[in-house]
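Fold and geometry: a report
This is what each chain is made of:
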Amino acid sequence: MSTSADTASPYRVLARKYRPADFTALIGQEPMVRTLTNAFETDRIAQAWMLTGVRGVGKTTTARILARALNYKTDAVDRPSIDLSVPGIHCQAIMEGRHVDILEMDAASHTGIDDIKQIIDGVRYSPVSARYKVYIIDEVHMLSDKAFNALLKTLEEPPPHAKFIFATTEIRKVPITVLSRCQRFDLRRVDAAELTRHLAGIAGKEGISADASALAMIARAAEGSVRDALSILDQAIAHGRGTVDTETVKAMLGLADRSRIVDLFEQIMAGQIAEALAGFRALYDVGADPVVVLNDLAGFVHTVTRLRFVPGAALEDAALTPDERDRGLSFAQTLSVTALSRAWQMLLKGIPECEAAARPFAAGEMLLIRLAHASTMPTLDEALKALDDAPSAPSSSPVNNQPDRQGGGDGRGGSRASQPAQSAGLAHAVATSASPRVSDPEPAPSASPAMQLIEGSAPPRPVVLPEPAAPVSGPAIAGLSDIADLCEKNRDIMMKVQVRKYLRLVAVEPGRLSVNVTSEAPASLIGDLSRKLQDWTGQRWIVSVSRDEGGATLEEAETVKRDALLVDASQDPQVASILDMFPGARVIDVRLGGAAALDGGLDDGDDADVSGLDDLAEDPDLD
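Figured I'd write up the structure that's included with this text. It should be emphasised that the depicted structure is a prediction, and the values quoted were computed from it without experimental measurement.

This part takes up the packing of aromatic side chains. Taken as a whole and assessed by the stated rule, the structure comprises seven aromatic pairs. Judged by centre distance (5.1 Å) and plane angle (80°), the rings of Phe265 and Phe300 are edge-to-face. Highlighted residues: Phe265 in helix H13 (residues 258-269) and Phe300 in helix H15 (residues 290-309), separated in sequence by 35 residues. Taken individually, Phe265 and Phe300 each receive the classification buried, so the pair is uniform in this respect. An aromatic cluster of three or more residues is present, and its members are Tyr135, Phe164 and Phe166.

Now the structure itself:
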């Protein structure tokens with residue numbers, strides 16, 4: 001007599017129990033289903049398919065459903081069909097993987113050419129009972145190069161009764177020659193909201209009480225994989241003894257409370273290091289994995305950044321909690337993109353360090369300290385603006401008050417000493433904020449002045465610093481013309497051409513040059529010009545690109561001047577009479593002499609050389 005335990009069917013995990021048997025139960029893959037439906041209805045069925053996607057999105061399941069559709073046969077229907085609502089005579093055996101004409105092979109364990117030769121030898125024979133002989137090769141990217149090459153000819157021209165379905169998670173490892181012979185379908189990750197609804201439906205069928213927030217956590221942890229989500233749900237049901245609640249899922253997966261992640265983000269961005277470390281410790285004490293906490297923090301940084309540019313996404317994303325939605329929008333309106341991008345980059349580089357560290361919690365704390373410290377630091381733009389807005393060095397600084405021994409005490413030495421500091425803004429700011437240096441007038445040979453000062457062996461007094469050497473005096477630069485002359489003087493013709501063609505002057509002052517560059521300017525022009533000006537003048541030059549339009553380039557200015565001179569020359573009475581004498585003659589150049597070269601125009605009495613016309617006038621062959 002058999003007991004109830006003997007007759008009871010063995011337990012099947014949810015991932016197998018609720019495996020889709022037709023295309024209507026396949027969630028999240030509507031584009032592929034639509035394409036296959038139209039192909040079957042118009043009898044445009046391919047000879048090979050390539051299914052690619054991350055683990056657990058339904059590649060093998062889709063392959064079996066496709067094999068079932070190819071061999072669909074009932075008492076009323078005997079043709080390939082996508083409508084599989086009524087089970088056919090081959091359907092159950094195909095879905096269970098035991099049909100004689102549906103051959104499944106795992107390429108991870110059958111990688112050699114001998115395994116492919118068996119397929120090539122068997123493909124010539126007609127199917128035993130089904131309409132098509134279908135070869136399903138999973139993880140096809142694991143095949144060797146020789147195996148791929150042996151399969152190419154059969155794959156390109158298979159017998160009419162043979163179909164191939166390949167599945168892979170590494171599509172880039174599949175040779176392009178194989179891909180070109182297949183119809184490719186990219187199975188996408190299932191959206192978290194859709195996956196949450198799917199889990200809720202399965203929990204209802206199983207009679208399990210499950211919180212919506214707990215199912216949302218499971219969906220997020222699955223990262224778009226249906227199989228992973230069902231496996232986690234199976235584990236949560238066993239962990240909670242038939243009940244799936246939020247606290248159970250948090251404890252099981254080592255997840256952090258989403259609201260506490262938001263609090264941690266707020267503390268970090270406010271530079272509150274002590275509060276952030278305390279919150280991180282509290283999450284760790286309740287069982288949260290430090291790496292998971294940091295990944296959740298990085299996810300919230302991405303959410304806030306996205307909400308800054310797409311505020312409507314807060315309502316569309318069902319995976320967000322109300323706290324994440326409301327506070328995320330508030331952070332998006334107050335935090336700069338630069339600060340968010342900096343936090344994202346630091347997390348992106350710090351999380352792998354925590355994963356590889358022997359003490360992940362300590363590594364996580366160090367990462368949070370770096371994040372909180374960086375949040376209070378100014379951005380590069382803010383620092384440069386602060387340096388530009390910094391006041392100039394006061395004339396009563398300790399160094400500048402020293403008399404000029406070489407210049408007779410006229411103060412010019414102090415000006416020369418402060419010039420390098422003024423040109424280097426950061427060094428100037430540090431110098432003006434530093435305290436005067438002190439030393440002992442006659443220090444002992446064995447003790448430094450600093451040690452004598454600490455021990456109190458000698459009263460400190462201000463040190464008279466030696467006069468620094470004056471910088472090399474360079475030529476005065478008042479505009480782009482001076483720079484072009486300087487290029488010619490130093491025989492740098494290439495730089496002279498670039499200065500004349502690509503630069504528009506905005507402002508110039510000692511040590512600073514602000515220009516606007518044309519669209520054709522090379523990317524290295526500004527850096528090269530700054531370096532060469534420093535070499536040529538012996539003074540540091542800061543060359544910056546301004547958004548202001550600036551004046552004309554030297555070439556443009558000369559073109560305008562030349563055109564004006566040509567017009568003036570053409571209107572000159574003597575030149576006009578010569579032009580009338582020779583029909584078709586024109587003024588091609590104007591060369592000025594004397595004061596006219598400085599005035600830039602032609603007046604009465606100017607000695608002008610109009611090239612071309614004098615030669616015409618003296619030609620004896622012309623009347």
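Now, onward.
The next point concerns the sheet that holds strand S11 (residues 512-517). Strand order in the open sheet made by the three strands is S10-S11-S12, with mixed pairing throughout. Of all the strands in the sheet, just strand S10 (503-509) and strand S12 (542-545) have a single pairing partner and so form its edges. With strand direction ignored, the average angle separating the axes of adjacent strands in the sheet is 25°. Across the sheet, helix H25 (residues 493-502) is in contact with S10 and S11; its angle to S10 comes to roughly 95°. Contacts from helix H26 (residues 525-537) reach S10, S11 and S12 within the one sheet, and its direction differs from that of S12 by about 160°.

A few words on the packing of helix H6 (residues 113-122) against helix H7 (residues 145-156). Where H6 meets H7, the closest approach of the two axes is 8 Å, and the angle between their N-to-C directions is 15°. Judged by the angle between their axes, H6 and H7 are roughly parallel. Seen from above, H6 lies across H7 with right-handed handedness. Taking contact as the criterion, the partners of Ile113, Ile116 and Ile120 in H6 are, on H7, Lys146, Ala147, Ala150, Leu151 and Thr154.

Turning to a positive patch on the surface, a few remarks are in order. There is a patch of like positive charges on the surface, built from Arg12, Arg16, Arg19 and Arg227. Here Arg227 lies in helix H11 (residues 226-239).

Moving on, we get to the pattern of salt bridges. Scanning all chains against the criterion turns up 19 salt bridges. A salt bridge links Arg184 to Asp186, with the shortest nitrogen-to-oxygen separation between them at 3.1 Å. Look at Arg184 and you get partly exposed, because its relative accessible area is 45%. A salt bridge links Arg327 to Glu266, with the nearest nitrogen and oxygen atoms 2.6 Å apart. Here Arg327 is found in helix H17 (residues 322-334), whereas its partner Glu266 is found in helix H13, with 61 residues between them in sequence. On the basis of relative accessibility, which here comes to 38%, the residue Glu266 falls in the partly exposed class. Each of Asp263, Glu266 and Arg327 takes part in one network of salt bridges that share partners.

It is worth spelling out the pairing of S10 at this point. Of the strand pairs in this sheet, S10 and S11 are connected by six bridges, and their pairing is antiparallel. When the bridges of S11 are listed, Ala507 appears paired with Ser514. Count of turn residues in the S10/S11 antiparallel hairpin: two residues, of which Gly511 carries a positive phi of about 85°.

How each quantity is defined
- Residues numbered from 1 in each chain as written.
- Predicted model: local features only at pLDDT ≥ 70, side-chain atom pairs only at ≥ 80, totals over all residues.
- Heavy atoms only, no water.
- Phe/Tyr/Trp six-rings, centres within 6.5 Å; stacked < 30°, edge-to-face > 60°.
- Helix = DSSP H or I, 4+ residues; strand = E, 2+ residues; numbered from the N terminus.
- Buried < 20%, exposed > 50% of the residue type's maximum accessible area, 1.4 Å probe, protein only.
- Pairing = 2+ DSSP bridges.
- Axes fitted to C-alpha atoms, helices over the stretch in contact; angles between N-to-C directions.
- Contact = heavy atoms within 4.5 Å.
- Parallel < 35°, antiparallel > 145°, perpendicular 65-115°, else oblique.
- Left-handed = near helix turned anticlockwise from the far one by under 90°.
- Patch = residues over 30% accessible without salt bridge, like charges linked within 9 Å, V, L, I, M, F, W, Y side chains within 5 Å.
- Areas by Shrake-Rupley, 256 points an atom, 1.4 Å probe, with all protein chains shown as cover.
- Salt bridge = Lys/Arg side-chain N within 4 Å of Asp/Glu carboxyl O.
- Lys, Arg positive; Asp, Glu negative; His and termini not counted.
- Charge placed at Lys NZ, Arg CZ, Asp CG, Glu CD.

In short, geometric facts, not functional conclusions.
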